[in-house]
Structure formats: structure tokens, C-alpha cells
Amino acid sequence: MNRSPVHFSPVQRWLHWSMAIAMLAMLFIGVIMVSTLSQAHTLLIAVHRPLGIAILVLVAIRIGVRLRRGSPPLPDSLPSVQKTAARASHVLLYALMLILPIVGWAMVSAGGYPVTLFGAFHLPPVVPADARVFALLRALHSWLAFALFALVLVHLAAALLHGLIKRDGVFSSMARGHRR
């Protein structure tokens, strides 16, 4: 981090909110996808895979922007244990946003399936086809998705706490780009 800005930049806010929408869509698509055998299953897979790769690209950009631009300091009124928890949860969020699509790509590769982005454009496999590796990665992908969903719920609860109850500017620095 080069500095501590007063608020998140427009690029950071755009990445945050567009990824929030994409990730919530992915979580719900994933849950519906694994619980149905209808014709929708094929469509959901066709959406899930390229959206996962898009999230992977966006999180890589987001990490680069975050490292270059930094983030606003947390309010002095926040106890140090909460500041530590906030920083740790953000590191974990970024790690899960990065690891989950990579594990998904590896899982699909281990299953011998292509990751189709659009039309006939496929990503190369990242691991060789192997049924046992596929099974392990499928379980890991599911557990990581549940962990991400739980962490997103905690993140949302903290955002609502700061925005509706504490009104300390933490939420507004991401929502509108400034603090009161």
C-alpha cells in the first residue's frame, strides 16, 4: 500500500459492487446447479464457469488496485480487536475470491470437462483428468463456497452495523466514496 486514502476510489467501488453482484449470483447459481437435473442445469453450468473466470480476473485486478491504492483507515473509535478482525476478514475474503475459481477450474479440468468462456473458446486444463482428484476438488469447491457465503454474510452484517447503527463512515466510504 502506498498510502491511506480518505475513501475508496471509483475503480475500487466499481470492482467491489460488480463483484458483489457476480459472487451472489455465483453462489445461488451454484446451489441451484447442484440441486437440479432439469434442462436448467446445462444453462447454469454454461453461466457458472465463465462467470467464475470473470470473478478470478476481477479479483486479480482488485488485489492489484488495492495494493497500489490502499484503503481508508478504520475509525479510531473502533477497538483494536475489531480492526484486526476486519483486516483478517478482508484477507480471507480476497483469498477465497481468488482460490475458489482456481479450485473450480482445477475441478472441471480433473473431471475432463472444458471451461468454455464463449463460443468455441475454452481455457486449457490446469490439472490432468482424474476421477479421484475431481471428487476431492468438488468437495473442496463446495466447502470453500460455503465458507465464502458465511464470510459474505458476516461482511454484510458488519457493513449494515457501520452504515445503520454506528454511522462512522466505513460503509459510506465504499457506498458513496466519502466519509462524513
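Keep in mind the model is a prediction, meaning the values are calculated, not measured. (Residues numbered from 1 in each chain as written. Predicted model: local features only at pLDDT ≥ 70, side-chain atom pairs only at ≥ 80, totals over all residues. Heavy atoms only, no water.)

Asks: Just to check I follow, could you spell out the overall build of the protein for this structure?
Replies: Counting its secondary structure elements, the protein contains 5 helices and 2 strands. Ordered by position from N to C terminus, the α and β elements of the protein give α-α-α-β-β-α-α. A total of 180 residues make up the protein; the buried ones form 37% of that total. For the protein, the exposed surface amounts to about 10900 Å²; the carbon and sulfur share of it is 73%. (Helix = DSSP H or I, 4+ residues; strand = E, 2+ residues; numbered from the N terminus. Buried < 20%, exposed > 50% of the residue type's maximum accessible area, 1.4 Å probe, protein only. Areas by Shrake-Rupley, 256 points an atom, 1.4 Å probe, with all protein chains shown as cover.)

Asks: Sorry if this is basic, but what is going on with the confidence of the model for the protein here?
Replies: Interpreting fine coordinate detail is not advised for predicted regions of low pLDDT. Across the protein, the average pLDDT comes to 88, with 94% of residues at or above 70. Confidence, expressed as mean pLDDT per element, reaches its minimum in the protein at helix H5 (residues 170-175) with 72 and its maximum at helix H3 (residues 80-110) with 95. (pLDDT = per-residue confidence, 0-100.)

Asks: Whenever I open this one, the packing of helix H1 (residues 10-34) against helix H4 (residues 131-166) confuses me. Can you help?
Replies: For any two helices packed against each other, the geometry comes down to the angle between their axes and how far apart the axes lie. Where H1 contacts H4, the axes come no closer than 11 Å and their chain directions differ by 135 degrees. In this view, H1 runs oblique relative to H4, as classed from their interaxial angle. The chirality of how H1 crosses H4 is left-handed. Of the residues in H4, those in contact with His 16, Met 23, Leu 24, Leu 27 and Val 34 of H1 are Arg 138, Ala 145, Leu 148, Phe 149, Val 152 and His 155. Residue composition of the contact of H1 with H4, grouped by class: 8 nonpolar, 2 polar and 1 charged. (Axes fitted to C-alpha atoms, helices over the stretch in contact; angles between N-to-C directions. Parallel < 35°, antiparallel > 145°, perpendicular 65-115°, else oblique. Left-handed = near helix turned anticlockwise from the far one by under 90°. Contact = heavy atoms within 4.5 Å. Nonpolar A, V, L, I, M, F, W, Y, C, P; charged D, E, K, R; others polar.)

Asks: Explain the packing of aromatic side chains to me, please; I cannot follow it from the model alone.
Replies: We describe a pair of aromatic rings using the distance from one ring centre to the other and the angle between the two ring planes. A full pass over the atoms with the stated rule returns 3 aromatic pairs. Taking the centre distance of 6.3 Å and the plane angle of 65 degrees together, the rings of Tyr 113 and Phe 134 count as edge-to-face. Pair noted here: Tyr 113 is in the loop between H3 and strand S1 (115-118) and Phe 134 is in helix H4, with a separation of 21 residues, a long-range link. Ring centres of Trp 143 and Phe 146 lie 6.2 Å apart, and the angle between their planes is 70 degrees; this geometry places the pair in the edge-to-face category. Taken together, the positions of Trp 143 and Phe 146, both in helix H4 and 3 residues apart, correspond to about one turn of that helix. (Phe/Tyr/Trp six-rings, centres within 6.5 Å; stacked < 30°, edge-to-face > 60°.)

Asks: Help me out: how do you make sense of the packing of H1 against helix H2 (residues 40-69) in this one?
Replies: Where H1 contacts H2, the axes come no closer than 9 Å and their chain directions differ by 150 degrees. Taken together, the axes of H1 and H2 are roughly antiparallel relative to one another. Pair H1 / H2 crosses with left-handed handedness. Here the residues of the contact of H1 with H2 sort into 20 nonpolar, 6 polar and 3 charged.

Asks: Help me out: how do you make sense of a nonpolar patch on the surface in this one?
Replies: On the surface, a cluster of nonpolar side chains totalling about 580 Å² of accessible area is made up of Leu 153, Leu 156, Leu 160, Leu 161, Leu 164 and Ile 165. The residue Leu 160 is located in helix H4 in this model. Given a relative accessible area of 43%, Leu 160 falls into the partly exposed group. (Patch = residues over 30% accessible without salt bridge, like charges linked within 9 Å, V, L, I, M, F, W, Y side chains within 5 Å. Salt bridge = Lys/Arg side-chain N within 4 Å of Asp/Glu carboxyl O.)

Asks: I tried to follow the nonpolar core on my own but got confused; where do I start?
Replies: Burial of nonpolar side chains together is a common tendency in soluble globular proteins. Membership of the largest hydrophobic core comes to 30 residues, with the highest contact counts inside it found for Met 19, Met 23, Met 97 and Leu 148. Contributions of two or more residues to this core are made by H1, H2, H3 and H4. Examining the composition of this core, we find that 11 residues originate from one element, H3, more than from any other. Apart from residues no more than four positions distant in its own chain, Met 97 is found in contact with Met 19, Met 23, Ile 55, Val 59, Arg 62 and Leu 148. (Core = buried A, V, L, I, M, F, W, Y, C linked by side-chain atoms within 4.5 Å.)

Asks: What is the right way to look at the side chain of His 141 in this model?
Replies: Here His 141 lies in helix H4. In contact with His 141, not counting residues within four places along its chain, are His 48, Leu 100, Val 103, Gly 104 and Met 107.

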